[in-house]
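So the chains spell out like this:
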Amino acid sequence: MASPDRISQTLTRHKLRHTPVRRAVLQVLSASPFALSGHEVEQQLSGDLDRITLYRTLKTFEESGLIHRVIDTTDTVRYAACTMECTAHGHFDDHVHFKCTTCQHIYCLNQVAIPAVTLPANFQAQTRDYLLAGVCEDCQR
Ligand SMILES: [Zn+2]
Ligand SMILES: [Zn+2]
């Protein structure tokens, strides 16, 4: 779980103003072991946060490199906190995502890099999504 200090440091490093909403949203995403949809973030936040502010905050965080999108085979967009190295200029955590077919959670496997792929000439990749599905650690117990 990210400490309040880590949350402040992350906002400062990304040159974002510290607002209560930003702190709360980043805290929720940093503390979650799996990616969360906007709706799930909303559910975890207590109080009367308006949805527009929440989605604007998620957009700002994504553009600034604090969080990244986690894509799966459904239409639900989920977000996960980035590792420290990400900036507005690029997401450097090119890691594998893992969807558990039992609990339906999607985990960032930060320690597992996406394997290098050699593309045909004249193809230029702009995004990298690598999703594995199976049974997570918790569900195997
Ligand atoms: Zn699971
Ligand atoms: Zn991830």
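Look above for the structure.
Starting from 1, residues in each chain are numbered consecutively following that chain's sequence as written. In the order they appear in the text, chains get letters beginning with A and ligands get numbers beginning with 1. Per-residue local features of the predicted model are confined to residues with pLDDT of at least 70, and side-chain atom pairs are confined, for both listing and counting, to 80 or more; whole-chain, interface and lining totals are unaffected and use all residues. In computing side-chain properties, one takes all heavy atoms of the structure into account and sets aside hydrogens as well as water.

(A) Layout of the overall build of the protein. The number of helices and strands found in the protein is 5 helices and 6 strands. Secondary structure elements are defined from DSSP: runs of H or I of at least 4 residues count as helices, runs of E of at least 2 residues count as strands, and each element is numbered from the N terminus. If you list the helices and strands of the protein from N to C, you get α-α-β-α-α-β-β-β-β-β-α. Overall, the C-alpha framework of the protein stretches about 45 × 40 × 25 Å when taken along its three principal axes. Three labels apply to residues, based on accessible area from a 1.4 Å probe with only protein chains included: buried if under 20% of the type maximum, exposed if over 50%, partly exposed otherwise in between. Buried residues in the protein amount to 38% of all 141 residues. Of the contacts formed within the protein by residues at least 6 apart in sequence, a portion of 51% connects residues at least 24 apart. All accessible areas in this document rest on Shrake-Rupley with a 1.4 Å probe, and a residue is counted as covered only by the protein chains that are shown. Counting only carbon and sulfur atoms, one obtains 52% of the accessible surface of the protein, whose full area is about 9100 Å². When the 14 basic and 15 acidic side-chain charges of the protein are each reduced to a single mean position, those positions are 5 Å apart. In this analysis, two residues are considered to be in contact whenever any of their non-hydrogen atoms come within 4.5 Å of each other. We count Lys and Arg on the positive side and Asp and Glu on the negative side, and we leave His and both chain ends out. One atom stands in for each charge, and that atom is NZ of Lys, CZ of Arg, CG of Asp or CD of Glu.

(B) Main features of the coordination of the zinc ion (ligand 1). At the metal site, the zinc ion (ligand 1) is ligated by Cys-100 (SG), Cys-103 (SG), Cys-136 (SG) and Cys-139 (SG), and these contacts range over 2.3 Å. In this listing, donors mean N, O and S atoms no farther than 2.8 Å from the metal, or 3.2 Å for Na, K and Ca; water is missing from the atoms, so a site can look incomplete. Under the classification used here, a metal with four donors is tetrahedral if each angle lies between 85 and 135 degrees, square planar if opposite donors are over 155 degrees apart and the others between 65 and 115, a six-donor metal meeting that same test is octahedral, and anything else is irregular. Around the zinc ion (ligand 1), the 4 donor atoms sit at angles spanning 103 to 118 degrees, and that spread fits a shape best called tetrahedral.

(C) Molecular detail of the coordination of the zinc ion (ligand 2). At 1.9 to 2.2 Å from the zinc ion (ligand 2) lie its protein donor atoms, namely His-68 (NE2), His-95 (NE2), His-97 (NE2) and Cys-108 (SG). If you look at the zinc ion (ligand 2), its 4 donor atoms make angles of 99 to 113 degrees with each other, and the shape they trace is tetrahedral. Counting gaps between the donor residues of the zinc ion (ligand 2) yields the pattern H-x26-H-x1-H-x10-C. With His-97 in strand E4 (residues 95-100) and Cys-108 in strand E5 (residues 106-113), this pair connects stretches of sequence that are 11 residues apart. For His-97, a relative accessible area of 6% puts it in the buried group.

(D) Spatial organisation of a nonpolar patch on the surface. On the surface, a cluster of nonpolar side chains totalling about 320 Å² of accessible area is made up of Val-117, Leu-119 and Phe-123. Taking relative accessible area as the criterion, Val-117 reaches 60% and is therefore assigned exposed. Exposure above 30% relative accessible area and no salt bridge define the residues that can form patches, which grow by joining like charges within 9 Å and nonpolar side chains of Val, Leu, Ile, Met, Phe, Trp and Tyr within 5 Å. In what follows, salt bridge is the name for a side-chain nitrogen of Lys or Arg lying within 4 Å of a carboxyl oxygen of Asp or Glu.

(E) Main features of the environment of Phe-34. Along the chain, Phe-34 turns up in the loop between helix H2 (20-31) and strand E1 (36-37). Linking Phe-34 and Pro-120, residues 86 residues apart in sequence, is a C-alpha distance of 34 Å.

(F) Spotlight on the nonpolar core. We define a nonpolar core as any set of buried Ala, Val, Leu, Ile, Met, Phe, Trp, Tyr and Cys residues linked to one another through side-chain atoms lying within 4.5 Å. The biggest cluster of nonpolar side chains holds 21 residues, and the ones touching the most others in it are Val-25, Leu-29, Val-41 and Phe-61. Mapped onto this core, the elements with two or more residues apiece are helix H1 (4-13), H2, helix H4 (51-64) and E4. In terms of residues, this core owes the most to one element, H2, which gives 4 residues. In this view, Leu-29 contacts Leu-36, Val-41, Leu-58, Ile-67, Tyr-79 and Ala-81; residues no more than four positions away in its chain are not counted.

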